[in-house]
Amino acid sequence: MKLLTLNFLTCAIKSCKSTPASFPLHPRDAELEIVEADLNILFLKNILPRLMWDELRVIGSELGLPELPSTPPTREDLVEPSTTAIAAPTSDGTRDAGEEEEEEIPTQTAKDLHRVLLETCIKEGKLVCGNCGHEYKVLEGVANFLLPGHLV
Amino acid sequence: MLPTPSTSHICFDRVYEPAEDSFLILDTLSSPSESSFLRSRFNEPSSTPPLVLEVGVGSGVVLAFAAANASAIFGRNDLLTLGTDINSFACQAASQTISTALKDQGRQGSMYLDIVNGDLASSIRPHSVDILIFNPPYVPAELPDFSRHDLFNALPEGQKTTSFDQDSYLLELSYAGGVDGMIVTDRMLDQIPQTLDLERGVAYVLLCAQNKPEEVKRRIRDWGTGWRAETVGSSGKQAGWEKLQIVRIWKTTL
Ligand SMILES: C[S@@+](CC[C@H](N)C(=O)[O-])C[C@H]1O[C@@H](n2cnc3c(N)ncnc32)[C@H](O)[C@@H]1O
Ligand SMILES: [Zn+2]
């Protein structure tokens, strides 16, 4: 399970959702693995405003990862200055990252961000709610959010 | 025609096999009218990558299709895809379907997050979903006995394969919808306003004729000002009735 996924998850218990402490879920006893993935520079640039950066830093430090900077990188921080391409729309008017990627060279900052968000995965372990303390198990990379009372 | 993702690695004894309902979703999302709606909603160059959540991924065929054909459907390939299913075997299967489809597609594909084993969208951070897709258990048939869920959601202790009872239970989860086939769908509809992004969120939910779709749409429109529900895809006309239909649910700000 990728660390970026934690940016979109919360405790499944209804009364927890409205409390700030239910986000992010805190990894515990986590066994990590690196699963390599292609770096998509357009994606990294565009996702920045959606990242809950402080929460991501908390998760990173709880997992013992190298410390993330105190403020999120900017779009400019992700691309080597000499290579910034002018985004050219394709013939059908859609934006295609493929064309930009050829020109833009990701910086070390971009590579590090890519590694944290999309390549660092929790293979086994638990995710703990900061509000109610409920532990959700992660088995073979799949987090289990089912609660006994849920289905009735 | 956009390619249909391969699901040949899956054993359909315990995971829902792609069927007419699944294909109706694929056809609807990739229809000219729907993809033009989606492009105009999400193709804004300065906007952040939309999050697509499929609830009840089953084989993963629908989410894999949306992920792999992101450029054609949404006009961008930087979107995020996330799935849930109550059946842990479906979670594993779908994950593989999506990874394979994305490998085949190269750069036209989106960013795949994960599949989580959970109930509907209950573990998803409020208002974070831009596009929600749900092909529910919609058949009017008695709900399975959930008290056995924990037992049946994993391989039996020390066994390499599932039991027959277990497989029947897991398949029941995929189709049985209780009274009017609406018990699970109604619970999903209740979650939709809190789950969708406040500005650009949109949901696609499949209904069958026995679900009383006109009544369902009316109820959604009664959620409050701006809520819209329209049929945007259908199949299997029988005596003037659509057997299956896809309802698009969204909010307009006027
Ligand atoms: C009709 S199948 C659709 C599968 C797949 N999306 C497709 O279109 O082929 C319904 C799926 O929803 C799942 N499901 C049923 N109840 C659920 C719940 N409460 N939460 C999450 N998933 C659920 C089932 O396990 C099954 O995979
Ligand atoms: Zn909680």
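Computed from a predicted model, the values in this text were never measured in an experiment. (Residues numbered from 1 in each chain as written. Chains lettered and ligands numbered in written order. Predicted model: local features only at pLDDT ≥ 70, side-chain atom pairs only at ≥ 80, totals over all residues. Heavy atoms only, no water.)

Enquirer: Break down the site of ligand 1 for me, citing the residues and quoting the values.
Expert: Residues and elements named next belong to chain B. Around ligand 1 lies a shell of 19 residues, among which S22, E54, D85, D119 and L120 are the nearest. At 2.9 Å, a side-chain N or O of N135 approaches an oxygen atom of ligand 1. Isolated, ligand 1 exposes 600 Å² of accessible area, and the fraction of that covered by the protein chains is 98%. Class assignment of the residues belonging to the shell around ligand 1 gives a composition of 8 nonpolar, 7 polar and 4 charged. (Near = heavy atom within 4 Å. Polar contact = N/O pair within 3.5 Å; in protein donor to acceptor, adjacent residues only side chain to side chain. Areas by Shrake-Rupley, 256 points an atom, 1.4 Å probe, with all protein chains shown as cover. Nonpolar A, V, L, I, M, F, W, Y, C, P; charged D, E, K, R; others polar.)

Enquirer: For unusual backbone geometry, give the residues involved together with the corresponding values.
Expert: In the segment running from F23 of chain A into P24 of chain A, the intervening peptide bond is cis, with an omega of 0 degrees. Here P24 of chain A is to be found in the loop between α1 (14-17) and β1 (26-34). Its identity as a non-glycine residue notwithstanding, E140 of chain A has a phi of 45 degrees, on the positive side. Take E140 of chain A: it is sitting in the loop between β3 (135-139) and β4 (142-143). Here the phi dihedral of K212 of chain B falls at roughly 55 degrees; this positive angle occurs in a residue that is not glycine. Here K212 of chain B lies in the loop between β5 (202-208) and α9 (213-221). (Helix = DSSP H or I, 4+ residues; strand = E, 2+ residues; numbered from the N terminus.)

Enquirer: Could you give me a rundown of the packing of helix α3 (residues 61-68) of chain B against helix α5 (residues 88-105) of chain B, with the residues and numbers involved?
Expert: Two packed helices can be described by the angle between their axes and the distance between those axes. Residues and elements named next belong to chain B. Two elements in contact, α3 and α5, have axes separated by 9 Å at closest approach and are oriented at 25 degrees. Here α3 is positioned roughly parallel relative to α5, judged by the angle of their axes. Here α3 and α5 pass one another in a crossing that is right-handed. Across the interface between the two elements, V61, L63, A64, A67 and A68 from α3 touch T97, I98, A101, L102 and Q105 from α5. (Axes fitted to C-alpha atoms, helices over the stretch in contact; angles between N-to-C directions. Parallel < 35°, antiparallel > 145°, perpendicular 65-115°, else oblique. Left-handed = near helix turned anticlockwise from the far one by under 90°. Contact = heavy atoms within 4.5 Å.)

Enquirer: Which residues make up the coordination of the zinc ion (ligand 2), and what are the values?
Expert: Residue and element names in this part refer to chain A. Of the protein atoms, only C11 (SG), C16 (SG), C129 (SG) and C132 (SG) coordinate the zinc ion (ligand 2), at distances of 2.3 to 2.4 Å. Around the zinc ion (ligand 2) sit 4 donor atoms; with metal-centred angles ranging over 104 to 114 degrees, the donor geometry is tetrahedral. In primary-sequence terms, the residues that donate to the zinc ion (ligand 2) follow C-x4-C-x112-C-x2-C. Remark: C129 occurs in the loop between β2 (120-128) and β3 and C11 occurs in the segment before α1; sequence separation between them is 118 residues. (Donors = N, O, S within 2.8 Å, 3.2 Å for Na, K, Ca; no water. Tetrahedral: all angles 85-135°; square planar, octahedral: opposite > 155°, others 65-115°.)

Enquirer: Lay out the sheet that holds β3 of chain A in plain terms, naming residues and giving numbers.
Expert: Residue and element names in this part refer to chain A. Reading across the sheet, the 4 strands line up as β1-β2-β3-β4 and stay open at both edges, with antiparallel pairing between neighbours. In the strand order of this sheet, the two ends are held by β1 and β4, each with one partner. With 7 bridges connecting them, β1 and β2 associate as antiparallel partners. Bridge pairing links P27 to L127 in β2. Set on the sheet, helix α5 (residues 108-119) makes contact with β1 and β2; between it and β2 the angle comes to about 55 degrees. (Pairing = 2+ DSSP bridges.)

Enquirer: Mind laying out the interface of chain B and chain A, listing which residues take part and the relevant values?
Expert: Listed as interface residues are 42 residues of chain B and, on the opposing side, 40 residues of chain A. Taken over both partners, the interface formed by chain B and chain A buries close to 3500 Å², and the fraction arising from carbon and sulfur atoms is 56%. Here chain B is connected to chain A by 1 salt bridge. Of the charged contacts, one joins R50 of chain A and D130 of chain B as a salt bridge, the two residues approaching to 2.8 Å between their closest N and O atoms. At the surface where chain B touches chain A, the tally comes to 14 residue pairs in polar contact (both at pLDDT 80 or more). (Buried area = accessible area lost by both parts, 1.4 Å probe. Salt bridge = Lys/Arg side-chain N within 4 Å of Asp/Glu carboxyl O.)

Enquirer: Summarise the confidence of the model for chain A; cite the residues concerned and give the values.
Expert: Looking at chain A, the pLDDT average stands at 88 and 84% of residues meet or exceed 70. Across residues 97-101 of chain A, confidence stays below pLDDT 50; counting only partners more than four residues off in sequence or on other chains, it has 13 contacts. (pLDDT = per-residue confidence, 0-100.)

Enquirer: So, the nonpolar core: which residues are in play, and what are the values?
Expert: One broad rule of soluble globular proteins: the nonpolar side chains tend to lie buried together. Grouped together as the largest cluster of nonpolar side chains are 65 residues, with contacts concentrated most on L127 of chain A together with L132 of chain B. Among the elements that line this core, the one with the most residues is α5 of chain A, at 5 residues. What L127 of chain A contacts, discounting residues up to four positions off in sequence, is M1, L6, L25, H26, P27, I122, H134, E135, Y136, V138, A143 and F145 of chain A. (Core = buried A, V, L, I, M, F, W, Y, C linked by side-chain atoms within 4.5 Å. Buried < 20%, exposed > 50% of the residue type's maximum accessible area, 1.4 Å probe, protein only.)

Enquirer: Help me get a handle on the pairing of strand β4 (residues 131-134) of chain B, residues and values and all.
Expert: All names here are of chain B. Neither face of β4 is left uncovered, since the one carrying I131 and I133 and the one carrying L132 and F134 both have all their residues buried. Both strand β1 (residues 51-55) and β4 contribute to a ladder of 4 bridges, which runs parallel. From the neighbouring strand, E54 faces β4, where its bridge partner is I133.

Enquirer: Talk me through empty space enclosed by the protein; I want residue IDs and the actual numbers.
Expert: Residue and element names in this part refer to chain A. A full pass over the atoms with the stated rule returns 1 cavity of 30 Å³ or more. Considering only enclosed or pocket space, the largest cavity measures out at about 40 Å³ in volume. Contributing to the lining of the largest cavity are L6, N7, F23, P24, M52, E55, L56 and I59. Of the residues contributing to the lining of the largest cavity, the split by class is 6 nonpolar, 1 polar and 1 charged. (1 Å grid on protein atoms, 1.4 Å probe; cavity = no way out; pocket = protein on both sides within 12 Å on 5 of 7 lines; lining within 4 Å. Points joined across faces, edges and corners; volume = space filled by probe spheres on them.)

Enquirer: Could you give me a rundown of the packing of aromatic side chains, with the residues and numbers involved?
Expert: A complete count under the given rule lists 4 aromatic pairs over all chains for this structure. Here the aromatic rings of F152 of chain B and Y169 of chain B are separated by 5.5 Å at their centres, their planes lie at 55 degrees, and the arrangement is tilted. Placement of the pair is F152 of chain B in helix α6 (residues 149-152) and Y169 of chain B in helix α7 (residues 164-175), with a sequence separation of 17 residues. Like F152 of chain B, the residue Y169 of chain B is buried in the burial classification. Centre to centre, the rings of W223 of chain B and W227 of chain B are 5.0 Å apart; their planes meet at 80 degrees, and the pair counts as edge-to-face. A relative accessible area of 30% places W223 of chain B in the partly exposed class. Residue W227 of chain B is classed as buried on the basis of its relative accessible area of 13%. Above the ring of F23 of chain A, the side-chain terminus of R125 of chain B is found at 4.7 Å from the ring centroid. Between the NZ or CZ atom of R248 of chain B and the centre of the ring of W250 of chain B, over which it lies, the distance is 4.5 Å. (Phe/Tyr/Trp six-rings, centres within 6.5 Å; stacked < 30°, edge-to-face > 60°. Lys NZ or Arg CZ within 6 Å of the ring centre and 35° of its normal.)

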